Amino acid sequence: MSGNLIILQEAARLARLHRNVPISSQAECTYSGMEHLGGQMPERFETESRKLLGKLREAMAEDSAGQARLDRIVTLIAGSMKAEVCSIYLFRDAETLELCATEGLDQAAVHQTRMRLGEGLVGRVARTRKVVNSADAPSEQGFRYMPETREERYSSFCGVPIQRIGDTLGVLVVQSRDARQFTADEVYALEVVAMVLAEMTELGAFVGEGAALAAPHQRSAMIRGTIAQEGAAEGKVFLHEPRVLVTNPISDDPDKELTRLQEAIDTLRSSVDDMLSGNKALSGEQKQVLEAYRMFANSRSWKRRMEEDVKNGLSAEAAVEKEQSLARSRLTRSGDAYMRERLSDLDDLSNRLLRILTGQGKDTGAEMPDNPILVAKNIGPGELLDYGKKLRGIVLEEGSVGSHATIVARAWAIPLVISVKGVTSDALNGDTILVDGDQGLIHLRPDETVKSAFREKIAMQARAQERYASIRDLPATTKCGTTLRLEMNAGLIADLPSLVGSGAEGVGLFRTELQFLVRNQMPKRSELSALYSRVLKAAAGKRVAFRTLDIGSDKVLTYMKPNDEPNPAMGWRAIRVGLDKPGVLRMQLQALIRAANGGPLTVMFPFITLYEEFKQAKAEMDKALAREQRLGNPLPSSLEVGAMMETPSLAFAPDAFFEEVDFISIGGNDLKQFFFAADRENERVRKRYDTLSPPFLHFLQGVIARCERAGTKLSFCGEDAGRPVEALCFAALGIRSLSMRPASVGPVKHLLRRVDLTEVEAIIKDAIGNGASSVRRPVADWLAYQV
């Protein structure tokens, strides 16, 4: 996905937030808010901060060790600020700050004094990322006296966070005996110095002994995220968008830096203008929002603050990053949700400006390693597909369990962990990384002990796959003689070779929306027909169930007008879009009929909630068939038209629905979230509810009974179908067809062939009768003795 499209998506989101506010008012509110958040810039020319930065540059140029540099710096700052004390605290781990250098406190306390995040005034600065400036520090709430430092003589305290684009690295502190608040000019000077310290820390200028002075990006880290696709992989980090490094935070020539800054801002503004003038497909709403984005890029206050930073001794790049870090910190704390939402605007503008200044484009020339693990903040389907199947795994700082990236990762059967906080800041290209999709963990730069244990896990999985390969061509027949049909889910033509490798008997779900999502405009009927024809040919006669376009919710087409919906998952999506936009549905149905070319065809409609919706959708199929017949095109030799049950309401449809529909596919992922009223994107509630709880199983039993009475084929499709214990319980209830990711077919078949379903049914019945909140534990305990 291009940078322009990313901005268009953000623009659409902005419009949804403030649809009823005039565009100029939105911009004015944003700029006035940013001005307020940024504070007033003190106007001065030959400033103390500029003099201090000059001295810092000289100190940095000295050939000395990291500790010696820090010691020299605190002495310089204390002298410049006319303060008796200057101290630098850096994080030794994610929760602990350590005193790393001081002028004025007891030197014996260096590397001995430590405090937890939030502890004392220093911990408070680090936790809140907010300046603490007090004339009477001991009276401040949360003050902690540290006797080993002998700081009892000092009343005044000013602490400034050392931060870099959202990451807090430590705290810079000055103290004095006199009971006074430090002036705005002094605080500003400290913020400028803190920014330089952050950049130099990132570049490894203060490397020394101990955890707090360890070289950046070399410590081992275990970061917990959210499971989006199971599996395990070891590889090397490949960053989707490498961070821009500022190697020259201090300016030698302010006038030259001001010129560079102005030229870069002019280039940035021109690029935004080009986006507006060069994209004719913009809707009126998107164009309005891009106008607001352009006004943001033309913000005088943003430019003025950066110019002031340059005049006071920072390089153009450092000025951009300083304002990005400070504004980011303040926007995060803002009580205005709209202002917090503008973080993405701020980051995008700042990063674009930094790339212009440094010449570091997104393509840095870094070669993709042989075993790449893609690490990104987020990624669209088109960009992900461009990488191809060479990826071993994916790690996202954001993302969602229902996103396009998740769909692609499942199709490729590679692990994906999302919501991995801070990974794009910590990881560097080429770092060793372990992705544990089963636990939702990543290990960055792991030690040998962790690597050894992880490799054993991968080896065990490989041995299991070998066992599954031996039963690939055997039926999924249980000990009691019941045979289940195991199919696979797909969404790409590249998925189809897995039909043979996995042992799946067909494709129970082919997602057709990916072909719409990766494009910048609506695909043509001929293009879709050619694609579907290749899918059927690759399936080599095996059944393929095509699901019609399922967009909306978290799947948004950039070329369709966005909708302002408070809850998209329950809004205008899937078949609702198809029935309201029948032209798109008809085009797709015609493409499917032509792709069948006289052979069998299976189609199912997504998100059917009422019998009436199915009748309307079926009528569109009838119209498409009649049209193709009039045109003389061959009709399918056999046609199955089904519905996906993704809401509980369809289970209570009239008997006529169950008699008319050819088959029903239970869409477990959506059905479960609506059944339990638990958003599957919300980790707080998603894991509270178990698929194998009696209420959900009773519901499934009701659906099974109705399908049996009507003679309607029933299958279960989704993540739970590919989990062996869940699949076993569904089979015991009476479901005879399951559709899952290709990699799950082997494990599910392996278990089914080793059990007697009548015994499992009895275990479930007893557990429910005894009041169990879930049958998972009783079934698992029984399995432990059986297999």
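Residues numbered from 1 in each chain as written. Predicted model: local features only at pLDDT ≥ 70, side-chain atom pairs only at ≥ 80, totals over all residues. Heavy atoms only, no water.

Peer 1: Sorry if this is basic, but what is going on with the sheet that holds strand E10 (residues 372-376) here?
Peer 2: Paired through their backbone hydrogen bonds, the strands of a sheet run either parallel or antiparallel. Strand order in the open sheet formed by eight strands is E7-E14-E13-E9-E10-E11-E12-E8, with mixed pairing between adjacent strands. One side of each edge strand has no neighbouring strand; the edge strands of this open sheet are strand E7 (221-224) and strand E8 (226-229). Each neighbouring strand pair of the sheet contributes to a mean axis angle of 30°, computed without reference to strand direction. As paired strands, E8 and strand E12 (residues 416-418) are joined by three bridges and run antiparallel to one another. From the neighbouring strand, Gln229 faces E12, where its bridge partner is Leu416. Sheet contacts for helix H16 (residues 448-470): strand E9 (232-239), strand E13 (432-436) and strand E14 (441-444); angle to E9, the most-contacted strand, approximately 120°. (Pairing = 2+ DSSP bridges. Helix = DSSP H or I, 4+ residues; strand = E, 2+ residues; numbered from the N terminus. Axes fitted to C-alpha atoms, helices over the stretch in contact; angles between N-to-C directions. Contact = heavy atoms within 4.5 Å.)

Peer 1: Can you walk me through unusual backbone geometry in this structure?
Peer 2: Despite not being glycine, Ala540 shows a phi value in the positive range, around 50°. Looking at the element boundaries, Ala540 is found in the loop between helix H19 (525-539) and strand E18 (543-547). Although it is not a glycine, Phe607 adopts a positive phi angle of roughly 60°. The topology assignment puts Phe607 in the loop between strand E19 (601-605) and helix H22 (611-630).

Peer 1: Would you take a moment to explain the sheet that holds strand E2 (residues 96-103) for this structure?
Peer 2: Taken together, six strands build an open sheet; the order of strands is E3-E2-E1-E6-E5-E4 and the sheet is antiparallel. A single partner strand is all that each edge strand has here, and the edge strands are strand E3 (114-116) and strand E4 (132-134). Sheet twist, expressed as the mean angle between neighbouring strand axes with direction ignored, is 25°. Pairing of strand E1 (residues 85-93) with strand E6 (residues 167-176), which is carried by six bridges, proceeds in the antiparallel orientation. Each bridged residue has a counterpart across the sheet, and for Tyr89 the counterpart in E6 is Val171. Sheet strands in contact with helix H4 (residues 66-81) are E1, E2 and E6, and its direction is about 65° off that of E2.

Peer 1: Would you mind going over the packing of aromatic side chains with me for this structure?
Peer 2: Think of a pair of aromatic rings as described by two things: how far the centres are apart, and how the planes are tilted against each other in angle. Considering all chains together, one arrives at 15 aromatic pairs under this definition. With a centroid separation of 5.0 Å and 15° between ring planes, the pair formed by Phe676 and Tyr689 is classed as stacked. Here the residue Phe676 occupies a position in the loop between helix H24 (668-675) and helix H25 (683-686), and Tyr689 occupies one in the loop between H25 and helix H26 (694-710), the gap between them amounting to 13 residues. With relative accessibility at 15%, the residue Phe676 sits in the buried group. Here the aromatic cluster, defined as three or more aromatic residues joined through ring pairs, consists of Phe605, Tyr611, Phe614, Phe657 and Phe658. Sitting over the face of the ring of Phe607, Arg573 holds its NZ or CZ atom 4.1 Å from the ring centroid. The ring centre of Tyr611 lies 4.7 Å from the NZ or CZ of Lys615, which sits over that ring. (Phe/Tyr/Trp six-rings, centres within 6.5 Å; stacked < 30°, edge-to-face > 60°. Buried < 20%, exposed > 50% of the residue type's maximum accessible area, 1.4 Å probe, protein only. Lys NZ or Arg CZ within 6 Å of the ring centre and 35° of its normal.)

Peer 1: Mind showing me how you'd approach the pairing of strand E11 (residues 393-396) here?
Peer 2: A regular strand places its side chains on the two faces of the sheet in alternate fashion. Burial along E11 is two-sided: the face carrying Gly393 and Val395 and the face carrying Ile394 and Leu396 are both buried. By the bridge criterion, two bridges tie E11 to E12 in an arrangement that is parallel. Looking at the pairing, Ile394 lines up with Leu416 of E12.

Peer 1: Would you take a moment to explain the pairing of E2 for this structure?
Peer 2: Burial of E2 is extensive: seven of the eight residues sit out of reach of the surface. Taken together, the seven bridges between E1 and E2 define a ladder with antiparallel strand orientation. Following the sheet pairing, Leu90 is matched in E2 by Glu98. Hairpin remark: E1 followed by E2, antiparallel, with two residues in the connecting loop. Pairing of E2 with E3 involves three bridges; the strand directions are antiparallel. Across the sheet, the residue bridging to Leu97 is Met115, located in E3.

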